[in-house]
Amino acid sequence: MSGVSELSESDKVFLKAFLPPKSGTRSDGRDPGLPFVTLTYASSLDGMISLSPGVRTTLSGPETKSMTHYLRMHHDAILVGAGTAIADDPGLNSRYPGATLDTQPQPVIVDLRARWDVSGKNVLRLTSGRQGKAPWIISNLDVLPNQALSDAGGSLVHVEFDSTSEAGGGLGVPHTQGQQCSWSSILRSLRKRGIGSIMIEGGARVINSLLAEPMLVDSVIVTIAPTWLGVGGVAVAPSPKFDDAGQRVNSARLEHTVWRQFGADAVLCGRPMR
Ligand SMILES: NC(=O)C1=CN([C@@H]2O[C@H](COP(=O)(O)OP(=O)(O)OC[C@H]3O[C@@H](n4cnc5c(N)ncnc54)[C@H](OP(=O)(O)O)[C@@H]3O)[C@@H](O)[C@H]2O)C=CC1
Ligand SMILES: Nc1nc(O)c(N)c(N[C@@H]2O[C@H](COP(=O)(O)O)[C@@H](O)[C@H]2O)n1
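Keep in mind that what you see is a predicted model, and the values were worked out from it rather than measured. (Residues numbered from 1 in each chain as written. Chains lettered and ligands numbered in written order. Predicted model: local features only at pLDDT ≥ 70, side-chain atom pairs only at ≥ 80, totals over all residues. Heavy atoms only, no water.)

> Just to check I follow, could you spell out the site of ligand 2 for this structure?
Near ligand 2 lie 16 residues; those nearest to it are Thr57, Leu59, Ser60, Arg72 and Gly91. Note that an oxygen atom of ligand 2 is positioned 2.8 Å from one of the backbone N or O atoms of Gly91. Interatomic distance of 2.9 Å between a side-chain N/O atom of Glu201 and an oxygen atom of ligand 2. Protein coverage of the free-state accessible area of ligand 2, which is 520 Å², stands at 85%. Going through the elements one at a time, helix 2 (62-73) and helix 3 (82-88) are the ones with two or more residues in the shell around ligand 2. Per-class residue counts for the shell around ligand 2 are five nonpolar, six polar and five charged. (Near = heavy atom within 4 Å. Polar contact = N/O pair within 3.5 Å; in protein donor to acceptor, adjacent residues only side chain to side chain. Areas by Shrake-Rupley, 256 points an atom, 1.4 Å probe, with all protein chains shown as cover. Helix = DSSP H or I, 4+ residues; strand = E, 2+ residues; numbered from the N terminus. Nonpolar A, V, L, I, M, F, W, Y, C, P; charged D, E, K, R; others polar.)

Listed below in structure tokens is the structure:
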């Protein structure tokens with residue numbers, strides 16, 4: 001049993017304006033080289049997404065879990081960072097009633113340092129059971145994919161380091177923590193591979209870095225669970241931001257917000273203010 005059930009018609013109506021447009025691409029005349037990006041995660045009342053680094057933590061109740069699987073079915077791809085892949089061993093498929101292999105999102109893992117070994121992981125188990133697609137791994141290394149990955153039909157997506165990121169780096173040079181690929185490069189390379197819409201689920205480093213680039217994010221859908229995880233949890237807290245006068249300002253903000261209760265949880269949808 002997946003514990004995922006159909007949403008009510010009114011839940012679907014609530015979410016509709018925040019889903020990717022039917023074509024899967026941006027409808028507002030903006031950059032066609034980028035996919036429609038939905039940032040979505042579950043948070044506690046103290047802004048935490050897990051109890052401590054590397055610990056898989058259930059925050060969503062059954063209703064918001066069902067919502068997540070509904071959202072997954074409405075995107076071409078679903079992305080997490082290496083930290084999440086290592087901590088959670090996620091399935092990254094949609095278990096929403098009626099989901100077929102065709103409607104499954106493409107799993108994407110950002111793992112530039114090849115820290116995560118996909119062999120024997122849930123995502124491959126689901127691929128072999130035809131319940132999910134074989135993953136793509138965003139990598140900077142100029143190496144052949146892991147045997148288990150290529151046997152399953154998955155692949156590496158090569159993305160260059162951002163030239164402005166800490167410590168530089170380049171093709172084939174193992175990078176140190178701190179070197180980044182720009183989100184724009186990652187998203188553009190996925191768009192070139194046919195991804196028109198992508199749901200980005202986390203973890204904290206991925207979410208925090210994307211909140212600093214509101215131009216790249218179309219929708220934000222946050223589940224808020226009625227619980228506090230406490231000090232030591234993994235927080236969503238983007239880097240501080242300063243105005244031209246050097247005064248501290250809010251790091252990010254949503255506009256056009258709507259709220260709805262799903263079971264015991266609240267769901268907040270909005271668009272990042274640019
Ligand atoms: N409640 C929720 O909804 C969710 C909770 N989580 C939780 O979050 C935690 C994991 O968060 P966190 O540790 O921050 O890990 P992340 O999943 O954010 O992964 C971070 C790593 O991904 C790689 N990465 C991400 N973005 C980039 C980029 N632009 N360029 C280069 N590399 C990038 C880096 O790998 P490297 O360091 O190798 O370079 C980085 O360290 C887990 O405990 C998990 O359970 C996760 C998702 C959702
Ligand atoms: N929406 C949501 N609520 C929670 O309580 C969570 N812990 C997460 N985590 C995300 O979901 C992934 C697990 O996915 P599978 O069910 O294994 O497919 C996990 O990796 C996080 O991205 N999300």
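Read on, since the account is not over.
> Any chance you could explain the pattern of salt bridges here in plain terms?
Where charged atoms from two side chains of opposite charge come close, those side chains can pair. A complete count under the given rule lists five salt bridges for this structure. A salt bridge links Glu6 to Lys12, with the shortest nitrogen-to-oxygen separation between them at 3.6 Å. According to the relative accessible area criterion, Lys12 is buried, its value standing at 19%. Taken together, the salt bridges that share partners define one network made up of Glu6, Glu9 and Lys12. (Salt bridge = Lys/Arg side-chain N within 4 Å of Asp/Glu carboxyl O. Buried < 20%, exposed > 50% of the residue type's maximum accessible area, 1.4 Å probe, protein only.)

> What should I look at first to understand the site of ligand 1 in this one?
In the region of ligand 1, 30 residues are neighbours, and Thr84, Asp88, Arg115, Gly203 and Arg205 sit closest. One of the backbone nitrogen or oxygen atoms of Val55 is found 3.5 Å away from an oxygen atom of ligand 1. Here an oxygen atom of ligand 1 sits 2.8 Å away from a polar atom, N or O, in the side chain of Arg205. Its free accessible area being 920 Å², ligand 1 has 91% of it covered by the protein chains. Residue assignment for the shell around ligand 1 shows that the elements contributing at least two residues are strand 1 (36-43), strand 2 (48-50), helix 3, helix 6 (183-192), strand 7 (197-202) and helix 7 (204-211). Element by element, the count of residues in the shell around ligand 1 is highest for helix 3, at five residues.

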